[in-house]
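Examination of the molecular architecture
Okay, here's what each chain looks like letter by letter:
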Amino acid sequence: MSTLITPYGGELVNLSVAPDEVADAKSYAGQLPSIQLTERQKYDLELLSVGAFSPLKTFMGKEDYQSVLDTMCLKNGLLFPIPITLSVDPSNDIQIGQEIALRDRKNNILAILKIKEVYNWDLEEAAEKVYGKMDLRHPLVSEMHRWGKVNISGPLQVIQSSPTFDFIELRRTPAQTRELLEAFGHVNVVAFQTRNPLHRVHEELTKRAIEELDGTLLLHPVVGMTRPGDVDHFTRVRTYKALAENYYDPDRIVLSLLPLAMRMAGPREAVWHSIIRRNYGANHLIIGRDHAGPGNDSEGNPFYGPYDAQELVEKYYDEIGVKVVPFRMMVYMTEEERYEEVSKVPDGTPTASISGTQVREDYLKAGRSLPEWFTRPEVAEILAERYPPRFKQGCCIWFTGLSGSGKSTTADVLTTKLAEYGRRVTLLDGDVVRTHLSKGLTFSPEDRDINIRRIGFVASEIVHHGGVAIAAAISPYRATRNDVRNMVGQDNFVEIYVATPIEVCEERDTKGFYAKARRGEISDFTGIDSPYEEPINPELTLYTIDRTPEENAQIIIDYLLKEGYLLPNGTPVNGNGHR
């Protein structure tokens, strides 16, 4: 008999084709119509196949999907808070009874699905019920705008996972993880969900939890899709390995990676994480403040309350069987050189603490080393290697506004000014991009989105390699702009709204495009017969009626200096990139 908690629903699902049938299945799948999965769908398929989403055996059909939206339960009444769906665009191959091959973006055959259901879904309903509001600053809400228009479901035969080559020794299925945990001989397993580097306070918290429960720590970082702008998983896993190998009792910790595509759904997601960790053998889960939160909404307010996630998981403990280990607030007692819970520290005791915001703003972005009392030297060194100070990081400056508003003119001036500060700059002008990158696209809403996402992809690559990308494109739709923000990363994206009234834009229009649009000679013209959605709380708003392009460019420069993207000219920098 196992000493671990049973899988959710009673047993682990296994959708994998038997090893001796893989070759035949792959050959057969190669003759079928196929669809290419998105990264999110690829991760969902992998976790479905190995039982991480037990008791699910396929992507949700209509009844399960609607029930999860409305009640957080499957149609059989079993708690399951997050819809797991396969969204595709309608086509002749998407027919009930048709078998299709599922492929990854490199065209590897992953599975065969026999379509049993095809049903419509409503974006606004899903956003309101799963994420709490229809706010395009939520990364999943903006992403859903490019999902397929119908969901499909049916029996799955999984042939293989998409090939992965990093940290192979740490990638374990629920069955493999359970076998390893079983060998430790402890009934209690405490899972720690993390998408961030671990610092000393996290180390102290996890060690106390396993000591109090006489259990094993399942350090279970997400290495699929996390919040846009998070530290990449390669860097994070290097820090986890350094900690596990040097600072934990090897008989009390299992480091294993979870290829999960997070939804950043806050409380609902915390319940989902609890179910997933139960399938991996954990009966406790450490849940911190704002667990799986996506940050702030369009009004600058948090999407969820700081303890909503803890409260919802505690509410459903009897159904999930996974107990919450709350993330206790701790501070470092400087004289005693140890961490302690805030509630147990006597008044007047000298303490030190650093918030997550301070880590990013005051240390990593400023090129300062994290103190040893806060983080282990091995972790600090890895983070410093990967994250140079902000004035050496990439940045995307995204101009949006009507045609003729002054985007390109201001962008030209800004490009020159940034070069004066020693930054490497690439200007992605909308008209130039349409000539070289998006030739052949129309001005339909669909093609406009394709064009903007292409610019966004190029900009994100420039930023990720330390350059400054300036994009000047009308980009009329909020959802698409926020999608680009997520591609680049929230911390390195500056949205600039050039707020010029349409009548002024028309007066400046030397080519007569507005006049042609008003006469009906041009269709889908933004501001005339195609909408422009103004940004909500952009980083900067510029006015061009009473300001010159040079003045507006200087406003942007001042903002970039204040935010640390630029150093004042003449500031000395040492060999490590520090001021």
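Up top is the structure these notes are about.
Description of the structure in this document.

The helix and strand tally for the chain stands at 20 helices and 20 strands. For the chain, whose C-alpha radius of gyration is 26 Å, the value lies close to the compact-globule estimate of 25 Å for 579 residues. Counting every position in the chain, which comprises 579 residues, the buried fraction comes to 55%. Here the contacts in the chain between residues at least 6 apart in sequence split such that 74% fall between residues at least 24 apart. In the chain, 65 positive and 82 negative side-chain charges are present, and the distance between their average locations comes to 2 Å.

Attention now moves to the packing of helix H14 (residues 407-420) against helix H20 (residues 549-563). Across the interface, H14 lies against H20 with an axial gap of 9 Å and an inter-helix angle of 50°. In terms of orientation, H14 lies oblique with respect to H20. The handedness of the crossing between H14 and H20 comes out as right-handed. Residues Thr 409, Thr 410, Val 413, Leu 414, Lys 417 and Leu 418 of H14 pack against Pro 549, Glu 550, Asn 552, Ala 553, Gln 554, Ile 556, Ile 557 and Leu 560 of H20.

Counting 80 residues, the largest nonpolar core has Phe 53, Ile 84 and Leu 102 as the members making the most contacts within it. Residues contacting Phe 53, with those up to four places away along its chain left out, are Asp 44, Leu 47, Leu 48, Phe 80, Ile 84, Leu 260, Trp 272, Ile 276 and Asn 279. Membership of the second largest hydrophobic core comes to 35 residues, among which are Leu 170, Leu 198, Val 201 and Leu 243.

What follows concerns the packing of aromatic side chains. Centre distance and the angle of the planes are the two values used to describe a pair of aromatic rings. The full count for this structure, using the stated rule, is 11 aromatic pairs. Considering the side-chain rings of Phe 303 and Tyr 304, the 6.2 Å spacing of their centres and the 45° angle between planes classify their relative orientation as tilted. Comparing Phe 303 with Tyr 304 shows no difference in burial state: the two are buried. On the numbers, 5.9 Å between centres and 85° between planes, the contact of Trp 373 with Phe 374 is edge-to-face. Residue Trp 373 is classed as partly exposed on the basis of its relative accessible area, which comes to 21%.

Take Asn 92: it is sitting in the loop between strand E2 (86-88) and strand E3 (99-103). Looking at Asn 92, the relative accessible area reads 72%, which means it is exposed. Once the C-alpha coordinates of Asn 92 and Ala 419 are considered, the two residues, 327 residues apart in sequence, prove to be 52 Å apart.

Taken together, the 4 strands give an open sheet; going across it, the order is E1-E3-E4-E7, and neighbouring strands pair in mixed fashion. Each end of this open sheet is capped by a strand with a single partner; those strands are strand E1 (34-36) and strand E7 (156-158). Between one strand and the next, the sheet's axes are offset by a mean angle of 25°, whatever the strand orientation. Across 5 bridges, E3 lies against strand E4 (residues 109-114) in antiparallel orientation. Across the sheet, residue Arg 103 finds its bridge partner in E4, namely Ile 109. Contacting E1, E3, E4 and E7, helix H2 (residues 39-50) crosses the sheet at an angle of about 90° to E7.

What follows covers the pattern of salt bridges. Inspection of the entire model under this criterion finds 32 salt bridges. Of the charged contacts, one joins Arg 208 and Glu 340 as a salt bridge, the two residues approaching to 3.1 Å between their closest N and O atoms. You can see Arg 208 sitting in helix H7 (residues 200-213) and its partner Glu 340 sitting in strand E14 (residues 338-341), a full 132 residues away along the chain. Accessibility assignment for this pair places Arg 208 and Glu 340 in one class, buried. Arg 485 is paired through a salt bridge with Glu 495; the nearest N and O atoms lie 3.4 Å apart. Placement of the pair is Arg 485 in helix H17 (residues 478-488) and Glu 495 in strand E19 (residues 493-498), with a sequence separation of 10 residues. Its relative accessible area of 2% is what places Arg 485 among the buried residues. Here the residues in one salt-bridge network are Glu 204, Arg 208, Glu 336, Arg 338, Glu 340, Glu 341 and Lys 344, joined through shared partners.

Running from N to C, helix H8 (residues 233-247) and helix H13 (residues 377-386) cross one another at 165°; their axes reach a closest spacing of 9 Å. Our classification of the angle between H8 and H13 gives roughly antiparallel. When you trace H8 past H13, the crossing you get is right-handed. Within the contact between the two elements, H8 uses Thr 235, Arg 238, Thr 239, Ala 242, Leu 243, Asn 246 and Tyr 247 and H13 uses Pro 377, Glu 378, Val 379, Ile 382, Leu 383, Glu 385 and Arg 386. When the residues that make up the contact of H8 with H13 are grouped by side-chain class, the tally is 7 nonpolar, 3 polar and 4 charged.

Reading the values: the criteria
- Residues numbered from 1 in each chain as written.
- Predicted model: local features only at pLDDT ≥ 70, side-chain atom pairs only at ≥ 80, totals over all residues.
- Heavy atoms only, no water.
- Helix = DSSP H or I, 4+ residues; strand = E, 2+ residues; numbered from the N terminus.
- Rg over C-alpha atoms; globule rule 2.2 N^0.38 Å.
- Buried < 20%, exposed > 50% of the residue type's maximum accessible area, 1.4 Å probe, protein only.
- Contact = heavy atoms within 4.5 Å.
- Lys, Arg positive; Asp, Glu negative; His and termini not counted.
- Charge placed at Lys NZ, Arg CZ, Asp CG, Glu CD.
- Axes fitted to C-alpha atoms, helices over the stretch in contact; angles between N-to-C directions.
- Parallel < 35°, antiparallel > 145°, perpendicular 65-115°, else oblique.
- Left-handed = near helix turned anticlockwise from the far one by under 90°.
- Core = buried A, V, L, I, M, F, W, Y, C linked by side-chain atoms within 4.5 Å.
- Phe/Tyr/Trp six-rings, centres within 6.5 Å; stacked < 30°, edge-to-face > 60°.
- Pairing = 2+ DSSP bridges.
- Salt bridge = Lys/Arg side-chain N within 4 Å of Asp/Glu carboxyl O.
- Nonpolar A, V, L, I, M, F, W, Y, C, P; charged D, E, K, R; others polar.

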